Amino acid sequence: MKLKFYTRLGLALSALLLAIIPIIAVKNTKENSKNERQPEHESAAAYIAWRTRILVNQVTGTVDPIEIARIDREIALRNSSLSKTNAGMDWTELGPNNVGGRTRSILIDRANSNLVFAGSVSGGIWKSTTAGSSWTRVNDMMSNLNICCLAQTSNGNIYAGTGEGSFARDGSNTRGTPGFNGTGIFKSTDAGVTFTLLSSTDATQSGKSMWINTNDMKADPTNPDRIYAGNTNGLYITSDGGASWTKANSIPPVSGNCIDIDISKDGNVIAAVIGTSIYISVDAGVSFNRLTPTNTVWGGTPGRISLAIANSNSNFIYAMAANASTNRTLSIVQSKDKGQTWTRIVTGSTPYVDILGNDLLGQGDYDNVTAVDPDDAEHAYFGGVDLWDWTPTAGIAPISLSFASITSPKYVHSDNHAIVWDLKTTPATMYIGNDGGVFKSLDKGKNFYASNHGYAVTQFYAVTAAYIKDDIRNNWVVAGGSQDNGTWVIDGLGNTFQSGIKTKGGDGFYAELSQKVPGYAIFSTYDSDLSSFLKFISRDNDFSQKYDQTFYNDRVAAFCKDSGVFNTPFMLWETPTHDSISMFLFAAKGAAWLAKDIYQDLSKVPAWYRVMNFNGEGTCVDISTDGNTALIGTNNGAVYKVDSIRTKGIFDSVSATLSNVNISLVFTAPGRYVNGVSFCKSDKNKAVVTLGNYGNTEYVYYSSNLNSPTPAFPPIQGNLPKIPVYDAEFLWDDPSVLVLGTEKGIYVSRNFSTGTPTYTSENNGMANVPVFQIRQYKFNNWKGSRFYIATHGRGFYQSTTYAHTGISQAKEDQNTLGIFPNPAKTTVTLSFDAKLSSKARISLYSMTGQLIKTEEISTTSGRNNYGFYVDVIPNGNYITVVNHDGIIESLKLIIAR
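Conventions used here
- Residues numbered from 1 in each chain as written.
- Predicted model: local features only at pLDDT ≥ 70, side-chain atom pairs only at ≥ 80, totals over all residues.
- Heavy atoms only, no water.
- Helix = DSSP H or I, 4+ residues; strand = E, 2+ residues; numbered from the N terminus.
- Polar contact = N/O pair within 3.5 Å; in protein donor to acceptor, adjacent residues only side chain to side chain.
- Contact = heavy atoms within 4.5 Å.
- Phe/Tyr/Trp six-rings, centres within 6.5 Å; stacked < 30°, edge-to-face > 60°.
- Buried < 20%, exposed > 50% of the residue type's maximum accessible area, 1.4 Å probe, protein only.
- Lys NZ or Arg CZ within 6 Å of the ring centre and 35° of its normal.
- Pairing = 2+ DSSP bridges.
- Salt bridge = Lys/Arg side-chain N within 4 Å of Asp/Glu carboxyl O.

(A) Here's a closer look at the side chain of aspartate 354. Residue position: aspartate 354 is located in the loop between strand E22 (343–347) and strand E23 (357–358). One polar contact links the side chain of aspartate 354 to the main-chain amide nitrogen of leucine 356, over a distance of 2.7 Å. Within the local environment of aspartate 354, its side chain forms a polar contact with the backbone nitrogen of glycine 357, the two atoms lying 3.1 Å apart. When near neighbours in sequence (up to four residues on either side) are disregarded, aspartate 354 contacts Arg328, Thr329, Ser349 and Trp388.

So, in structure tokens, the structure goes:
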């Protein structure tokens, strides 16, 4: 979550005074200055509130977590019985592979420093065999991928606790629901290769609902069968490897949410936070006593508390508390006698200088972590928005800056959740888990670097794609916005084809790429803040203003200002034949707006027209293939149709309104959240509406007579699991096929219009993660459809196969050749598709046609990647030619050092 500019400036200046260390200046980098004005702060609560509105039952205002766990188990059992997906949709991971996502747990193997595990809150368990330099996923088909904590016993067994609901509740709504529920604890006895749910913690079973959220776990350092686990009902202990669990014996007896646990090096001292109290055992867990600081010591009433026991001296315990009412830092306390007495060592900070706060609003219930230097009992670390450390002589000081350049050694992504140490290295290596993935420090916090290569757990809201052929590209480009990680573009020019470029900060949402103008894009953040880009560079000419002055005129900017809309849906419609004809539609709070021909004259601000007013917020939009009809969904269950836009619509520049169109309410589901609306691309008389909100029986509705005066939308739920459905696409070449994006991946029906539709899970190559948006593309030089999806936990995916429909999928007639990186310095990788296992000749020519270098290589059928050295070739522009299978492909290469 990002800070306002003045807040960032105040924090940086205060940090300088507090730390008395040289903090680097924030430079104008492409990532955090050139392409974005300093974004408005959006707290974690806004994200959680948005998720809550999508998930909660509209009548009760709650979600039954046990029911969700049961559905998860049913889906897992159903999928395990399928040897292959029935519809034949195969998915290819696209990345980005150079950014992470929200991570609350990291585990370093007891015996091997190179073996590291990380748990994503919605992307599952990942493993690194290179000390975090690269990552691979462990098991995408676990019944629950919402990992919150990891622990390893002395014999190497690994335990994974699921469910982060204790840290991601909507604080603005007492009826709110957890963000990502779990289903219990999984165990691995083969060094993290496979994980199996412990039946003793199966939350779907009677009396075990407390395992919906397993908040923290610690393993006894000497007893391989003893684990301490905190859940919503308190602290539990197993002494038989998870076969059974006993509630910890405490004085006074207590039931409450156990959110943090730590254990001493010898296993004799265990500290646990239950509710807002600290319980400590000094007899290896036989008994626990409440030894918590008084409110006088805290300096007020504590909310969430995090704690840590010093590795070098178990007498030392540190605890940091958020203020119960503001969630800002209340104070930090220290005990030197195993919790018997406590001393306040840090008092809650002033505005703009706060470990747990952004602006005047804290989020200590969301990101709050305490750790101790493993070699120095009087050197403690604290994580919230940024990382801080404390010593008795220097006091409290920031050691990281989330708003610095990503190349800065002080940069660590905001919102820190975990700090763990590898004690096998000298000095001990520090690992940090946060909303940006995994970060490391080799010098105990003096310098940091990201450790996310291949850790593809980014939570995307939306996706867009376009085939771009320009001076340096001849490939598909994919883009979209993500939770707390900005908007990313993957254009094939990075170090790998899955490397992305961050083009806009904050929380990124909907995105559009033009199919006509290479590199023209529209990206967004919260409060309906939309910006236009050209060649993926922001066109905004005044970052001091709230909105992009080259894209919004005064009328629409005034309407959207501080709208409070978290995620604003929009769509760019373009004709297939005329470059200048386009329309851009977005639905914000209470109204929809439209602009025509937004890139016809880029020297002018587009003219905006109000299409209609409605109650609530816009949640989704779609435009028919002919551009004449639009569908607009809202957060209160209404779907509106706007007809005759191009044929009869009157665009009045004086009143800034679109008139003479037909507006009608075509669908309503009171109180439900409309996640998606979708036209059939070959027949706009057909459309689908998809809904959210657990606890209902119907989530998908289909109309075959949308153009009639009274269109009908009967449900087509069939055997689809009763889970939120986010988006839908009719297969372009076969409208009898419907593709759905759901809370648990992709489902497809080939008979949805019948009385008893059947759906199959189509997650081959993917994971059972939420799919928030589906985009389908088809062009004159492409046979069949190409699908792109935005997952909320596993990045982008694409599918170019649909084997069982009888539709022939073919590669685009244009080049398959790709070059990366481009521009290059010393080496490049040439990537191309070969039909046969044969030979290919690679040649490099100057722009005047002079042959500079040539090589012959062997090829295999399929995608070929070949390293090509250009280290001795002068800087300049060149043409790379690959001759294979009787085909000649070429692409421009830039060498620049």
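(B) Seen up close, the packing of aromatic side chains. Taken as a whole and judged by the stated rule, the model has 41 aromatic pairs. Centroid distance phenylalanine 551 to phenylalanine 584: 5.7 Å. Interplanar angle 75°. Geometry classified as edge-to-face. Taken as a pair, phenylalanine 551 in the loop between strand E40 (537–538) and helix H6 (554–560) and phenylalanine 584 in strand E42 (residues 582–587) lie far apart in primary sequence, 33 residues in all. Exposure remark for phenylalanine 551: the relative accessible area of 0% places this residue in the buried category. Members of the aromatic cluster, each reached through a chain of ring pairs, are Tyr510, Tyr547, Phe551, Tyr552, Phe570, Phe584, Phe586 and Trp608. Cation over ring: lysine 596 sits above phenylalanine 651, and NZ or CZ is 4.3 Å from the ring centre.

(C) Looking closely at the side chain of asparagine 763. Relative to the assigned elements, asparagine 763 resides in the loop between strand E56 (760–761) and strand E57 (771–777). There is a polar contact of 2.8 Å between the side chain of asparagine 763 and the backbone nitrogen of isoleucine 746. Separated by 2.9 Å, the side chains of asparagine 763 and asparagine 768 make a polar contact.

(D) Molecular detail of unusual backbone geometry. Cis geometry marks the peptide bond from isoleucine 251 to proline 252; its omega dihedral reads -5°. Structurally, proline 252 is set in the loop between strand E14 (250–251) and strand E15 (258–263). Across the junction of threonine 426 and proline 427, the peptide omega takes the value -10°, indicating a cis bond. The residue proline 427 is located in the loop between strand E29 (416–422) and strand E30 (429–434) in this model. Positioned with a positive phi, alanine 191 is a non-glycine residue whose angle comes to about 65°. Taking the relative accessible area as the measure of exposure, alanine 191 reaches 42% and is therefore partly exposed.

(E) Layout of the pairing of strand E39 (residues 529–534). By the criterion of burial, E39 is predominantly enclosed, with five of the six residues buried. Of the strand pairs in this sheet, strand E38 (residues 521–525) and E39 are connected by five bridges, and their pairing is antiparallel. Residue pairing for E39: serine 524 is matched across the bridge by leucine 530. Adjacent in sequence and paired antiparallel, E38 and E39 are bridged by three residues, among which aspartate 527 carries a positive phi angle near 60°. Taking the residues between adjacent antiparallel strands as the criterion, E39 and E40 are bridged by two residues, where lysine 535 takes a positive phi near 55°.

(F) Quick look at the sheet that holds E14. Spatially, the five strands line up as an open sheet ordered E14-E18-E17-E16-E15, and their pairing is mixed. For this open sheet the edge positions go to E14 and E15, each flanked by a neighbour on one side alone. Direction of pairing for strand E16 (residues 270–274) relative to strand E17 (residues 277–281): antiparallel, over a ladder of five bridges. Paired with alanine 272 across the bridge in E17 is tyrosine 279.

(G) Layout of the pattern of salt bridges. Counted according to the given criterion, the structure contains 21 salt bridges. Arginine 794 is the partner of glutamate 93 in a salt bridge, and the nearest nitrogen-oxygen pair spans 3.2 Å. Of the two residues, glutamate 93 is situated in strand E1 (residues 92–95) and arginine 794 in the loop between strand E58 (786–791) and strand E59 (795–799); the sequence distance between them amounts to 701 residues. Its relative accessible area of 0% is what places arginine 794 among the buried residues. A salt bridge links aspartate 216 to lysine 218, with the nearest nitrogen and oxygen atoms 3.2 Å apart. Judged by relative accessible area, which is 10%, aspartate 216 ranks as buried. One network of salt bridges, with partners in common, ties together Glu93, Arg137 and Arg794.

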